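Structure assessment
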Amino acid sequence: MNSITASFRTARTQQLAEALQNARHYTLALFDCFAAAGMDVPRNVPYLRIVNPPLWELGHTAWFAEWFILREALSSHPADAQSPSLLTKGDDWFDSANVSHRSRWNLDLPTPGGVKTYCHEVLDRVLDKLSREASVDEALYPYRLALAHEDMHGEAFLYTLQTLGLEAPPQLTHDDSAYVSPGDIRFPGGTLQLGCAADTAGFTFDNERAVHPVYVAPFRMDAALVTNGQYMDFIGDGGYDNRQFWSTAGANWLMHQDRCAPRYWERDGGDWRTVRFGRAATLNPHEPVRHVNLYEAQAYCAWANRRLPTEAEWEYAALYGHPAFRWGQLWEWTASPFEPYPGFAPDRYREYSEPWFATHQVLRGASFATPSRLGSAKFRNFYMPERDDIFCGFRTCAWE
């Protein structure tokens, strides 16, 4: 994903119309995977802190588009919509800011067919309204926001299928050809303009603003992600047993786990296998290691006498243009806690960034499950350090 074409950030009316239809078709196709396993009904879905009932999540994506586009909400505050929902209890069911996670299993939601009908009705009205919009950034902002939101939930649907051990569409489970790293790339460093300027054309997320200079010292970084084979060497050298490789937080996490390898790895005699969407698969040593959390990535780095890159170093490398630097297979852990840039102010979707500062960690890049229109070297993803259910990996770096 070195070059991004047709970014949602600058998409115009016709591009947005096609992308919104594509995103909804994808969301519904993945929902059907849950339905095939009987998990279109919330009571059949195991309660886990890292997933939502698929029926609730499907309704939420449509509600979000209705809220910001059809109801012309000025922000995500409950009083800021200009008109009521198409559903009598839409806000009571699907407003993620006011519907607690645990309660999503016990709501009196419509049937799956009813939620799908709601999805179709919202999309039809959104497309009709979009067809009359001026092709300027301010008018297209809510459409771009709703598209990005649904794309993120589409990826969440895919890792929920992995978490629950369910089958996914075959075209989404195939791994890209392995990319064998030629080793380190040396970067000269310099001043990076981190973030996006206020007058940047198109869409920007609030946590990407405002642009500010950051000095990046010379450094070396892996051209590619750490592979399964490299991670096996860490395991074989007692990586999970040697406390010196683990941070205090990482050691505390590990002490409460029955873990001696990444999530979804399992022993098969003297070899390792993995589980992908409910099916055992041979572990390719040349593929990037996936489903490792921040603590595991940090421990590997300590063992290898390396470190994780800061998000500024990652962005510098991604924008530098070196032909050997590749990204987009997996989200990549960085050494940077998720914090606001100087001058941060929340955007219309007030809960997107601000509640998660200081508790979450930044990941950069994209994954095989991320729509290419969402990819950007500026995009800041963020998760709790212990999360390993997402499609994440890492690369290492060192001071020059």
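Nothing here was measured: the structure is a model prediction, and the numbers come from that model. (Residues numbered from 1 in each chain as written. Predicted model: local features only at pLDDT ≥ 70, side-chain atom pairs only at ≥ 80, totals over all residues. Heavy atoms only, no water.)

1. Observations regarding the overall build of the chain
Quick note on the threshold: A run of H or I in DSSP counts as a helix once it spans at least four residues, and a run of E counts as a strand once it spans at least two, with each numbered from the N terminus. Burial classes: relative accessible area under 20% of the type maximum marks a residue as buried, over 50% as exposed, and values in between as partly exposed (1.4 Å probe, protein chains only). Only heavy atoms enter the contact rule, under which two residues are in contact if any of them lie within 4.5 Å. We get accessible surface area from the Shrake-Rupley algorithm with a probe of 1.4 Å; when it comes to residues, only the shown protein chains can shield them. Counted as positive: Lys and Arg. Counted as negative: Asp and Glu, with His and the chain ends omitted from the count. Where a charge lies is defined by one atom per residue type: Lys uses NZ, Arg uses CZ, Asp uses CG and Glu uses CD.
For the chain, the helix and strand inventory stands at nine helices and 12 strands. In terms of overall dimensions, the chain has a C-alpha envelope of 60 × 50 × 35 Å along the principal axes. In the chain, which comprises 400 residues, the proportion classed as buried is 56%. Contacts spanning at least 24 positions in sequence make up 78% of the contacts within the chain whose residues lie at least 6 apart. A total accessible area of about 17,100 Å² is found for the chain, and carbon and sulfur atoms account for 51% of it. The centroid of the 36 positive side-chain charges in the chain is displaced by 1 Å from the centroid of its 49 negative side-chain charges.

2. Some thoughts on the packing of aromatic side chains
The cut-off we apply is this: Two aromatic rings from Phe, Tyr or Trp, using only the six-membered ring of Trp, form a pair when their centres are within 6.5 Å; if the ring planes differ by under 30 degrees the pair is stacked, by over 60 it is edge-to-face, and anything between is tilted. A ring is considered to have a charge above it if a Lys NZ or an Arg CZ atom is located within 6 Å of its centre and within 35 degrees of its normal.
This structure, assessed with the given rule, holds 45 aromatic pairs. With a centroid separation of 5.0 Å and 70° between ring planes, the pair formed by Phe-64 and Tyr-349 is classed as edge-to-face. With Phe-64 in helix α2 (residues 54–70) and Tyr-349 in the loop between β8 (331–337) and β9 (361–365), this pair connects stretches of sequence that are 285 residues apart. Neither Phe-64 nor Tyr-349 differs from the other in exposure class; each is buried. Considering the side-chain rings of Phe-368 and Phe-391, the 4.7 Å spacing of their centres and the 55° angle between planes classify their relative orientation as tilted. Separated by 23 residues along the polypeptide, Phe-368 in the loop between β9 and β10 (381–383) and Phe-391 in the loop between β10 and β11 (392–393) bring together distant segments of the chain. Phe-368 sits in the partly exposed class, given a relative accessible area of 25%. Looking at Arg-104, its charged tip hangs above the ring of Trp-56, at a distance of 4.0 Å from the centre.

3. What about helix α9 (residues 311–320)?
Since one α-helical turn is 3.6 residues long, residues separated by three or four positions face the same way. With eight of 10 residues buried, α9 lies mostly within the body of the structure. Directly after α9, the chain includes Gly-321, whose backbone phi takes a positive value near 95°.

4. A few points about the nonpolar core
As a reminder of what qualifies: We define the nonpolar core as a collection of buried residues of types Ala, Val, Leu, Ile, Met, Phe, Trp, Tyr and Cys that are connected through side-chain atoms lying within 4.5 Å of one another. By convention here, the domain bounds are inherited from an automatic or database domain assignment.
Counting residues in hydrophobic clusters, the biggest one holds 124 residues, and the most contacted among them are Tyr-231, Trp-246 and Phe-394. At 12 residues, the largest contribution of residues to this core is made by helix α5 (residues 137–163). The residues that make up this core include at least three from each of domain 1 (8–172) and domain 2 (184–398).

5. Quick notes on the pairing of strand β5 (residues 265–268)
Defined as follows: For two strands to count as paired, DSSP must find a minimum of two bridges between them.
Taken together, the four bridges between β5 and strand β6 (residues 271–276) define a ladder with antiparallel strand orientation. Residue Glu-266 lies in a different strand from β6, and its bridge partner there is Arg-273. Here β5 folds back onto β6, and the loop between the two strands holds two residues, one of which, Gly-269, carries a positive phi near 70°.

6. Regarding the pattern of salt bridges
We count it as follows: Salt bridge criterion: a side-chain nitrogen from Lys or Arg within 4 Å of a carboxyl oxygen from Asp or Glu.
On inspection of all chains with the given rule, the structure shows 32 salt bridges. Between Arg-12 and Asp-137 there is a salt bridge; the shortest N-O distance is 3.5 Å. Residue Arg-12 is found in the segment before α1 (13–36), and its partner Asp-137 is found in helix α5; the two are separated by 125 residues along the sequence. Of the charged contacts in the structure, one is a salt bridge between Glu-72 and Lys-129, with a shortest N-O distance of 3.2 Å. Here Lys-129 lies in helix α4 (residues 112–130) and Glu-72 lies in the loop between α2 and α3 (90–94), a separation of 57 residues in the sequence. Residue Lys-129 is classed as buried on the basis of its relative accessible area of 19%. Three or more residues joined by partner-sharing salt bridges are found here, namely Asp-184, Arg-186, Arg-220, Asp-222, Arg-306 and Glu-400.

7. Some thoughts on the domain arrangement of the chain
Our working definition: By buried area we mean how much accessible surface two parts lose on assembly, using a 1.4 Å probe and totalling the loss over both.
Here the chain is partitioned into domain 1 (8–172) and domain 2 (184–398). Here the C-alpha centre of domain 2 lies 27 Å away from the C-alpha centre of domain 1. Contacts between domain 1 and domain 2 engage 37 residues on the former and 35 residues on the latter. Together, the buried faces of domain 1 and domain 2 total about 3,300 Å²; carbon and sulfur atoms form 55% of this surface.

8. Quick word on unusual backbone geometry
With the exception of glycine, the majority of residues adopt a negative phi angle, and the majority of peptide bonds are in the trans configuration. Residues Arg-209 and Ala-210 are joined by a peptide bond in cis, for which omega reads 0°. Counting through the fold element by element, Ala-210 comes out in the loop between β2 (190–194) and β3 (212–216). Non-glycine residue Glu-72 carries a positive phi angle of around 50°. The partly exposed category is assigned to Glu-72, whose relative accessible area is 43%. Despite not being glycine, His-291 has its phi angle at roughly 60°, a positive value. With respect to the helices and strands, His-291 occurs in the loop between β7 (279–282) and α8 (294–303).

9. Describing α2
What counts here: Here the expected span of a helix is defined as 1.5 Å times the quantity of residues minus one.
The end-to-end C-alpha distance of α2 is 23 Å, a good match for the 24 Å that 17 residues give at a rise of 1.5 Å each. Here α2 lies mainly inside the structure; 17 of its 17 residues are buried. Downstream of α2 by a residue or two, Glu-72 has a phi angle that is positive, lying close to 50°.

10. Some details on the environment of Gly-343
Note that Gly-343 resides in the loop between β8 and β9. For the pair formed by Gly-343 and Ala-210, sequence separation is 133 residues and the distance between their alpha carbons is 6.3 Å.

11. Section: the pairing of β9
It is a general feature of regular strands that their side chains alternate between the two faces of the sheet. β9 sits mainly inside the fold: five of its five residues count as buried. Pairing of β8 with β9, which is carried by four bridges, proceeds in the antiparallel orientation. When the bridges of β9 are listed, Trp-333 appears paired with Leu-363.

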